[in-house]
Amino acid sequence: MTAIAATLAENTKQIDDALKTIGTVHFARFLLLDSSKPNLQPDLTAKTASNSLVLGVITEYDGNFNMYIQDFVSKLGGVFDALLEFVVDGKKLIPVDNNVAAFQAYITLNDASQHIPNADLYQAYPQTVQKILAVFPPQ
């Protein structure tokens, strides 16, 4: 758990810079969950590691899923390689630069938002990230 958290912390700037450069992501976050806990919160003070950790990536983005993944791989392939070390069957996908199609298939298979009952998505507005930034530029 601490190794995953450290990997994310070490790469925060690179991840944020890539998200800005890609320009299609509205929101993104990494979540570390513990499926053995009723509230899913991992215990960072635990003396023994949990076997029930789940690394989640939650994003809202514009456009096509495969293009979105290709953009991420081109900008953050090394970060995904580091994180896949901690994921079941992840090592088979390293390096993601050489396994983009397999990486896309893996994400699709494990993406809870693409499977019932989680397939519905509420959308409050139709604007893209670029349209929003044009009206409300970062300060």
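No experiment lies behind these values; they were computed from the predicted model shown. (Residues numbered from 1 in each chain as written. Predicted model: local features only at pLDDT ≥ 70, side-chain atom pairs only at ≥ 80, totals over all residues. Heavy atoms only, no water.)

Peer 1: In this structure, what is going on with the confidence of the model for the protein? I would like to understand it.
Peer 2: Low-pLDDT stretches of the model should not have their predicted coordinates read in fine detail. With 100% of its residues at a pLDDT of 70 or more, the protein has an overall mean of 91. Mean pLDDT across the elements of the protein bottoms out in helix H1 (residues 2–10) (89) and peaks in helix H5 (residues 129–135) (96). (pLDDT = per-residue confidence, 0-100. Helix = DSSP H or I, 4+ residues; strand = E, 2+ residues; numbered from the N terminus.)

Peer 1: So what exactly am I meant to see when it comes to the packing of helix H2 (residues 12–22) against helix H3 (residues 65–84) here?
Peer 2: Each pair of packed helices gets described by two things: the angle between the helix axes and the distance between those axes. Where H2 contacts H3, the axes come no closer than 10 Å and their chain directions differ by 175°. Regarding the angle of H2 to H3, the classification is roughly antiparallel. Residues Gln-14, Ile-15, Ala-18, Leu-19, Thr-21 and Ile-22 of H2 form the contact with H3, whose own contacting residues are Asp-71, Phe-72, Lys-75, Leu-76 and Val-79. Here the contact of H2 with H3 is built from residues that sort into seven nonpolar, two polar and two charged. (Axes fitted to C-alpha atoms, helices over the stretch in contact; angles between N-to-C directions. Parallel < 35°, antiparallel > 145°, perpendicular 65-115°, else oblique. Contact = heavy atoms within 4.5 Å. Nonpolar A, V, L, I, M, F, W, Y, C, P; charged D, E, K, R; others polar.)

Peer 1: For this particular structure, what's the right way to read the side chain of Asp-34?
Peer 2: Its place among the elements puts Asp-34 in strand E1 (residues 25–34). Look at Asp-34: it is buried, it has no salt bridge, and the nearest opposite charge is Lys-37 at 4.8 Å. (Buried < 20%, exposed > 50% of the residue type's maximum accessible area, 1.4 Å probe, protein only. Lys, Arg positive; Asp, Glu negative; His and termini not counted. Salt bridge = Lys/Arg side-chain N within 4 Å of Asp/Glu carboxyl O.)

Peer 1: Help me out: how do you make sense of the environment of Ala-112 in this one?
Peer 2: Mapped onto the elements, Ala-112 comes out in the loop between helix H4 (100–110) and H5. Note on Ala-112: relative accessible area 45%, which makes it partly exposed. Through-space distance from the C-alpha of Ala-112 to that of Thr-2 is 25 Å; in sequence the pair is 110 residues apart.

Peer 1: How do you make sense of the packing of H3 against H4 when you look at a structure like this?
Peer 2: Packing of H3 against H4 brings their axes to within 10 Å, and their N-to-C directions diverge by 95°. The orientation of H3 with respect to H4, classified from their angle, is roughly perpendicular. For the pair H3 and H4, the contacting residues are Phe-65, Asn-66, Ile-69, Gln-70, Val-73, Phe-80 and Leu-84 in the first and Val-100, Phe-103, Gln-104, Ile-107 and Thr-108 in the second. Partitioning the contact of H3 with H4 into residue classes produces eight nonpolar, four polar and no charged.

Peer 1: Just to check I follow, could you spell out H1 for this structure?
Peer 2: Three- or four-residue spacings in an α-helix give side chains the same orientation, since the helix completes a turn every 3.6 residues. Those residues of H1 lying buried are Ile-4, Thr-7 and Leu-8. The buried side chains of H1 occupy one side of the element, clustering within an arc of 95° when seen end-on. Along H1, exposed side chains directed more than 90 degrees from the buried face belong to Thr-2, Ala-9 and Glu-10. Those residues of H1 hidden inside the fold are in contact with H2, E1, strand E2 (53–61) and H3. (Arc of directions from axis to C-beta.)

Peer 1: How should I be thinking about the pattern of salt bridges in this particular structure?
Peer 2: This structure, assessed with the given rule, holds three salt bridges. Of the charged contacts in the structure, one is a salt bridge between Lys-13 and Asp-17, with a shortest N-O distance of 2.8 Å. Taken together, the positions of Lys-13 and Asp-17, both in helix H2 and four residues apart, correspond to about one turn of that helix. The exposure class of Lys-13 is exposed, given its relative accessible area of 59%. Exposure remark for Asp-17: the relative accessible area of 32% places this residue in the partly exposed category. We note a salt bridge from Lys-91 to Glu-85, for which the minimum N-O separation is 3.9 Å.

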